[in-house]
Amino acid sequence: MDDRLFTCRENCGACCIAPSISSQIPNMPNGKPAGIACCHLDSQYRCKLFGQPSRPLVCCRLKANQEMCGNNRQEALDYLTQLEQITC
């Protein structure tokens, strides 16, 4: 699948849970630790900051793609958790 056509999966939020974020996030001045859901993730695993100017640049630059998102939420969580462990 062409990654330009790949969109976020409903009820996933893996990219807002698995990786750490070292930059400041509104209401999370020290960033976010790996494995902890961002406080801006709603009950349907959507980012409440999406499209807002306060959304961190690191989040804006992250784009959904087949490699990162896999075929389901668990594959996405596993991939991002492994990537976090390799890069920390």
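Above: the structure in question.
Presented here is a report on the structure given in the accompanying data block.

Definitions and limits used
Residues numbered from 1 in each chain as written. Predicted model: local features only at pLDDT ≥ 70, side-chain atom pairs only at ≥ 80, totals over all residues. Heavy atoms only, no water. Helix = DSSP H or I, 4+ residues; strand = E, 2+ residues; numbered from the N terminus. Rg over C-alpha atoms; globule rule 2.2 N^0.38 Å. Buried < 20%, exposed > 50% of the residue type's maximum accessible area, 1.4 Å probe, protein only. Contact = heavy atoms within 4.5 Å. Areas by Shrake-Rupley, 256 points an atom, 1.4 Å probe, with all protein chains shown as cover. Lys, Arg positive; Asp, Glu negative; His and termini not counted. Charge placed at Lys NZ, Arg CZ, Asp CG, Glu CD. Salt bridge = Lys/Arg side-chain N within 4 Å of Asp/Glu carboxyl O. Core = buried A, V, L, I, M, F, W, Y, C linked by side-chain atoms within 4.5 Å.

Remarks on the overall build of the protein
Thought 1: Helices and strands together make up the secondary structure of the protein, namely three helices and zero strands.
Thought 2: Traced from its N-terminal end to its C-terminal end, the protein shows the element sequence α-α-α.
Thought 3: Here the C-alpha radius of gyration of the protein, 12 Å, is about what a compact globule of 88 residues would show, namely 12 Å.
Thought 4: Along the three orthogonal principal directions, the C-alpha set of the protein runs to about 35 × 30 × 25 Å.
Thought 5: Put simply, the protein has 88 residues, and 32% of those count as buried.
Thought 6: Contacts in the protein between residues far apart in sequence, at least 24 positions, make up 49% of those at least 6 positions apart.
Thought 7: In the structure as shown, the protein presents an accessible area of about 6100 Å², 53% of it carried by carbon and sulfur atoms.
Thought 8: Once the 9 positive and 8 negative side-chain charges of the protein are each reduced to a mean point, those two points are 9 Å apart.

Describing the environment of Ala76
Thought 1: By the element assignment, Ala76 lies in helix α3 (residues 73-87).
Thought 2: Overall, Ala76 belongs to the buried group, its relative accessible area being 1%.
Thought 3: Once the C-alpha coordinates of Ala76 and Gly13 are considered, the two residues, 63 residues apart in sequence, prove to be 9.0 Å apart.
Thought 4: Excluding its chain neighbours within four sequence positions, the residues that come into contact with Ala76 are Arg9, Cys12, Ala14, Met68 and Cys69.

Things to note about the side chain of Arg55
Thought 1: Its place among the elements puts Arg55 in the segment before α1 (57-61).
Thought 2: Of the side chains bearing the opposite charge, Asp42 lies closest to the buried Arg55, which forms no salt bridge; the N-O distance is 12 Å.
Thought 3: With near-sequence residues (within four places) excluded, Arg55 lies in contact with Cys47, Leu49, Phe50 and Cys60.

Some remarks on the pattern of salt bridges
Thought 1: In the structure shown here, the tally under the stated rule is one salt bridge.
Thought 2: Among the ionic pairs, Asp42 bridges to Arg46, the shortest N-O distance being 3.4 Å.
Thought 3: Exposure remark for Asp42: the relative accessible area of 22% places this residue in the partly exposed category.

Here's the deal with the nonpolar core
Thought 1: Ala14, Ile25, Cys38, Cys69, Leu77 and Leu80 are the most contacted members of the largest nonpolar core, which has 18 residues in total.
Thought 2: Among the secondary structure elements, those contributing two or more residues to this core are α2 (66-69) and α3.
Thought 3: The greatest single-element share of this core, amounting to three residues, is contributed by α3.

Structural measurements only, silent on function.
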